[in-house]
Amino acid sequence: MMSISLQVNGETHAIDVDPATPLLFVLRNYLGLTGAKLGCGLEQCGACAVLVDGQSTLSCSAAVSDFQGKVIATVEGLAQGDQLSRVQQAFVSAGAAQCGYCIPGFVVAVTGMLESDPNPDAEAIQEALSSHLCRCGSHGRIKAAIDSLVGPRGAS
């Protein structure tokens, strides 16, 4: 056990934890931030995505100690009080969630993509979403949410 300092959603937290503990488990079990989900545990499905220094990052197997000194934002940290972020609102407006399990990861991925490229082409969108899976078939509504933010970009 050691004390790990994390900056999450604008707050600094000191957590006594094994430094090899995956970041996802610390977010969920120590900080009560349950938006990021454990899907595959192998960084293959995207359900565990969080923003780290503005980049979408999978958190289910990466050691928490790797995140000291970095700025972490979870899906819960994207809203400003009761005001959803524009990406969150686009997903709500498009009815993008069916079961909803994957949606926080998609929202984080789209947010990170738009922070680095506010006008992505179809290839950039496909790349940003390539590590994200939806098992219940919401892809069309997810694409509609993205299209509402950037306009139609062809097959993605």
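Residues numbered from 1 in each chain as written. Predicted model: local features only at pLDDT ≥ 70, side-chain atom pairs only at ≥ 80, totals over all residues. Heavy atoms only, no water.

### Structural notes on the sheet that holds strand S2 (residues 11-17)
Move 1: Ordered by their spatial adjacency, 5 strands build an open sheet running S2-S1-S5-S3-S4, and the pairing between neighbours is mixed. Since the sheet does not close on itself, it has two edges, and those belong to S2 and strand S4 (55-58), each with one partner. On average, each strand axis in the sheet is inclined to that of its neighbour by 45 degrees, with strand direction left out of account.
Move 2: Here strand S3 (residues 49-52) pairs with strand S5 (residues 71-73) via 2 bridges, running antiparallel. Along S5, the bridge assignment pairs leucine 51 with alanine 73.
Move 3: Seen against the sheet, helix H1 (residues 23-30) touches strand S1 (2-8), S2, S3 and S5 and runs at an angle of roughly 105 degrees to S2.
Move 4: Helix H3 (residues 103-116) rests against S3 and S4 of the sheet, and its axis sits at about 30 degrees to S3. (Pairing = 2+ DSSP bridges. Helix = DSSP H or I, 4+ residues; strand = E, 2+ residues; numbered from the N terminus. Axes fitted to C-alpha atoms, helices over the stretch in contact; angles between N-to-C directions. Contact = heavy atoms within 4.5 Å.)

### Overview of H1
Move 1: Restricting attention to buried positions, one finds in H1 the residues Leu23, Leu24, Val26 and Leu27. Seen from one end, H1 has its buried residues packed into an arc of 170 degrees, which puts them on one side.
Move 2: The elements touched by buried residues of H1 are S1, S2, S3 and S5.
Move 3: Residue glycine 32 follows H1 closely and has a positive phi angle near 70 degrees. (Buried < 20%, exposed > 50% of the residue type's maximum accessible area, 1.4 Å probe, protein only. Arc of directions from axis to C-beta.)

### Notes on the packing of helix H2 (residues 86-93) against H3
Move 1: Here H2 crosses H3 at 130 degrees, and the two axes come no closer than 9 Å. One element, H2, and the other, H3, form an angle in the oblique class. The hand of the H2/H3 crossing is right-handed. Taking contact as the criterion, the partners of Arg86, Val87, Gln88 and Phe91 in H2 are, on H3, Ile103, Phe106, Val107, Val110, Thr111 and Leu114. (Parallel < 35°, antiparallel > 145°, perpendicular 65-115°, else oblique. Left-handed = near helix turned anticlockwise from the far one by under 90°.)

### A closer look at a nonpolar patch on the surface
Move 1: Together, Phe25, Leu38 and Tyr101 line one region of the surface with nonpolar side chains, adding up to about 250 Å² of accessible area.
Move 2: With respect to the element layout, tyrosine 101 can be found in the loop between H2 and H3.
Move 3: On the basis of relative accessibility, which here comes to 39%, the residue tyrosine 101 falls in the partly exposed class. (Patch = residues over 30% accessible without salt bridge, like charges linked within 9 Å, V, L, I, M, F, W, Y side chains within 5 Å. Areas by Shrake-Rupley, 256 points an atom, 1.4 Å probe, with all protein chains shown as cover. Salt bridge = Lys/Arg side-chain N within 4 Å of Asp/Glu carboxyl O.)

### Examining helix H4 (residues 122-129)
Move 1: Looking only at H4, the buried set comprises Ala122, Ile125 and Leu129. The buried residues of H4 occupy one face: seen down the axis, they fall within an arc of 65 degrees. Residues of H4 that are exposed and angled more than 90 degrees away from the buried face: Glu123 and Glu127.
Move 2: Of the surrounding secondary structure, the elements contacted by the buried residues of H4 are H3 and helix H5 (139-150).

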